[in-house]
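Listed here are the chains, written in short residue letters.
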Amino acid sequence: MLCESPAFLEEALRELEHLSLSYQRIGARAIVASAKDLHILQQSLNERGIYPRLVGQPAPSTDPYTGEHA
Amino acid sequence: MNKETLEEHTAQDPAREQNQDLLERGLHAHQGEASRVRATSLESLELDLIHLSCALERYPLKLNKSGTPNRRSLARFCQGIVMPSQQLTTDGLDLQNPEEIDYLAFLLALLLELGILHCDEQNLTARAHHEPAQRHFTHHEERRNRTLSAAVRNLKHWSEVISAQLSGEGSPSEHQVEAQLSLTQTNGAPLIGARGYLLSVLKRAAPAEWTCQDDLIELCLQLDRDYLPRVLNRTSSPLEPAQYVALFIEHMLFWLGIVELAQDKDDHTKLVRLTPRGQRWLETHDAPALPEGAHAPCLIIQPNLEIMVFLDAAPIPVLFKLYKLAERATLADRVATFKLGAESVQRGYSLGLDAAKAIAFFDKHSHTPLDQTLRFQLEDWERVWQRLTLFADGLLLRHQDPDAFDIILGHLQHEWREVPELQFIRLSHGSAFVTSPTLEPLTRTIERYPNLIIDHLGYIPPCLHFNDLNDPLSFEVNPLHCDFVTSRELEQVAAWERERSKPFTRQYSLDIERIKAKWPEDPLGAALTWLRPRATGPEGGMPPATELTLRALLRRPQPRAQLAHDILVIHFNDAHSAELFGAIPAAQEIIVDRLGEHSFGVLREDEHLLQELLTQLNIPFS
């Protein structure tokens, strides 16, 4: 998750405080979290009226090697 | 009896010729004057479907344990839904009114059948702006008619039989209401064949003019006299076939906007006729053609960011797109008002639009060119929206030396300059993020720059689960929990056991030959270094059995064990006494090995020497 400014990252992190999210801060504007938490992150921000830009394809719901469903 | 058609029924019927005659004679247009016309449209139903799915996308509908929607939660979704042929009320549908609950249940069942809703144990949610909603609502009328027609025929979670009970005289029981609202019970499934049959009759009879409803019902009953009674018997329905057909017309077909209903002005006979869209929906032989040409502008965008929409002129794909960008505020007299706001527009942007697309959309469908202020506003909201970006995939590159990292990044940017989707975003002195849709460039990077640390959380996640006590080298992996380096190197040190694997739990076994080939100089040391941060056993960390097995298979000289059958153990009850005993030269002559702090091993043949020594030392023994 990359923010325009450090202040905006702080603001966004406050909105995510209630989540038990494993993430690591990288620099002053970004955090890195597991791709499997993307949906939770997105949903939580949406519930607070923040609709982030999403780049790339979210992690597949199938085994990436075999294509089988869980 | 799925997908039964009238043709199949008439072909099986010995009175086929008589049926053909019935159809050819057709239904006579009613001669009297129609009054109290009740009309709705498929477009109104589609608007309700879009409105409901958008609401469900934003807020999940809580489900009870039985799979029925929680009433308190359901109340939120009644807002803005219009009962067919009625005006929108302030509160929307009334959950105290069984017929209005029935209509809401019908909409939910349709959305479920269209694949737009997702139901888990606790919640019902919609993917209103993703597939398959996107696939349905953005297409032209002909294609929407087909998908909706298939969904209506196959409705499993809504039943006309229960609908009759809800609209009957007297208050329906709570059980009946729950059964109709249930999203897990398939009360409508036994009626799939009956719906197909009735729609086939309607298609062939094609009553485009006002027709006596009883005549239409009679035709449906006559064409295959046994079929409907048989279906209704199977459902244990108290309904007579004629009642079932009447309800099918008055509820399902009317709500869908396929038919209009009226009464004769004089004798109050019930009348019915197909709407033009209904004729196209049924694909009757003389259905009116689709209106040609592009739709006229249907939006009036006001400076206060309100958008007025003339629903009769607005195609469903336009309304669907408008729902992405704006909130519907009011609906009255076929005019809806939407409100553009920072939140709603940014939500639209997060669903795949941007300022340029939004401006182009409004320019195309607005009565007047878009105001400069609004253009600026849409672009400004895009700027605000871009303040926070989530990258769903990509690579985090880190290096301890910022100067060396600069050089590496320069090389990589030059190497991948022709791949536009690869962007390099510098996050700090020693880290950068690369938006990469493929893993191939990363593979090359790993090989070329061994000092570059590539991971997703800054540490290697323990993802190799050694749980098989009978096979210390066997382990399970969930590929989604692995960092990239582990995923890539796994195949170099272990063999994938496909037959024992399941999706998301792949079974591997450490392969000694592969390990030796990968690390020929120090296979044991390198393998343990690789495994220790990644392995997790039942007690956590690297299981001792796995490490010992690897030592046995890889270490030179190999660890060996001797099974001693002729050793006597002498055990002292305190460590200091044992220490003193071990220091006596006579004892050292007979001790084979020290076994911990308290014990020694002595050859059985030296037992008499040991006893003599203990006697001399005045140490009692047993």
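Relevant structure appears above.
All residue numbers here refer to positions counted from 1 along the written sequence of the relevant chain. By the order in which they are written, chains take letters starting at A while ligands take numbers starting at 1. With pLDDT at 70 or above as the cut-off, local features in this predicted model cover only qualifying residues; side-chain atom pairs require 80 or more to be listed or tallied, and sums for whole chains, interfaces and linings still use all residues. As a rule here, side-chain values cover all heavy atoms of the structure and leave hydrogens and water aside.

Engineer: Please provide a residue-by-residue account of helix α27 (residues 607-616) of chain B, values included.
Structural biologist: Residue and element names in this part refer to chain B. Here's how the labels work: a residue is buried when its accessible area is under 20% of the maximum for its type, exposed when over 50%, partly exposed in between, all with a 1.4 Å probe on protein chains only. The numbering of helices and of strands both runs from the N terminus, where a helix is a DSSP run of H or I of at least 4 residues and a strand a run of E of at least 2. Taken together, the buried positions of α27 are occupied by Leu610, Leu613 and Leu614. Take α27 and look down its axis: the buried residues cluster within an arc of 95 degrees, on one side only. Opposite its buried face, α27 presents the exposed residues Thr615 and Gln616, each directed more than 90 degrees away. Looking at the residues trailing α27, positive phi occurs at Asn618, about 60 degrees. The arc refers to the directions leading from the helix axis to the C-beta atoms.

Engineer: Requested: an account of the sheet that holds strand β2 (residues 61-62) of chain B, with residues and values cited.
Structural biologist: Residues and elements named next belong to chain B. Judged by pairing direction, the sheet is antiparallel, and its 3 strands sit side by side in the order β2-β4-β3 without closing on themselves. In this open sheet, the two edge strands, each paired with only one partner strand, are β2 and β3 (117-119). The pairing criterion is simple: DSSP has to find at least two bridges between the two strands. Note: β3 against strand β4 (residues 123-126), 3 bridges, orientation antiparallel. Its bridge partner lying in β4, His118 is registered against Thr125. Here a residue-residue contact requires only that any non-hydrogen atoms of the pair lie within 4.5 Å. As a rule, the C-alpha atoms of each element are fitted with a line to give its axis, helices using only the stretch in contact, and angles between N-to-C directions run from 0 to 180 degrees. On the sheet, helix α3 (residues 42-58) packs against β2, β3 and β4 and is oriented at approximately 120 degrees with respect to β4. Seen against the sheet, helix α5 (residues 98-113) touches β2, β3 and β4 and runs at an angle of roughly 95 degrees to β3.

Engineer: How would you summarise the side chain of Ser41(B) if you had to cite specific residues and measurements?
Structural biologist: All names here are of chain B. Along the chain, the position of Ser41 falls in the loop between β1 (34-38) and α3. Taking the relative accessible area as the measure of exposure, Ser41 reaches 18% and is therefore buried. Not counting residues up to four positions away in its chain, the partners in contact with Ser41 are Leu256, Gly257 and Arg334.

Engineer: Quick one: what's the story with the packing of helix α8 (residues 160-167) of chain B against helix α9 (residues 174-181) of chain B, residue by residue and with numbers?
Structural biologist: All names here are of chain B. Their axes nearest at 10 Å, the elements α8 and α9 cross at an angle of 140 degrees. The interaxial crossing formed by α8 with α9 has left-handed handedness. Contact residues: α8 offers Ile162, Ser163, Gln165 and Leu166, while α9 offers Gln176, Val177, Ala179 and Gln180. Partitioned by chemical class, the residues of the contact of α8 with α9 number 4 nonpolar, 4 polar and no charged. The hand of a helix crossing depends on one turn: near helix anticlockwise from the far one by less than a right angle means left-handed, and clockwise means right-handed. For this classification, the nonpolar set comprises Ala, Val, Leu, Ile, Met, Phe, Trp, Tyr, Cys and Pro, the charged set comprises Asp, Glu, Lys and Arg, and every other residue, Gly included, is treated as polar.

Engineer: Account for the packing of α5(B) against α9(B), with residues named and values stated.
Structural biologist: All names here are of chain B. The interhelical angle for the contact between α5 and α9, taken along N-to-C directions, is 25 degrees, at an axis separation of 9 Å. As far as their axial angle goes, α9 and α5 are roughly parallel. Between α5, through Ile101, Asp102 and Ala105, and α9, the contact on the second element is made entirely by Val177, Gln180 and Leu181. For the contact of α5 with α9, the class distribution of residues is 4 nonpolar, 1 polar and 1 charged. With respect to orientation, any angle under 35 degrees is reported as roughly parallel, any angle over 145 as roughly antiparallel, any angle of 65 to 115 as roughly perpendicular, and every other angle as oblique.

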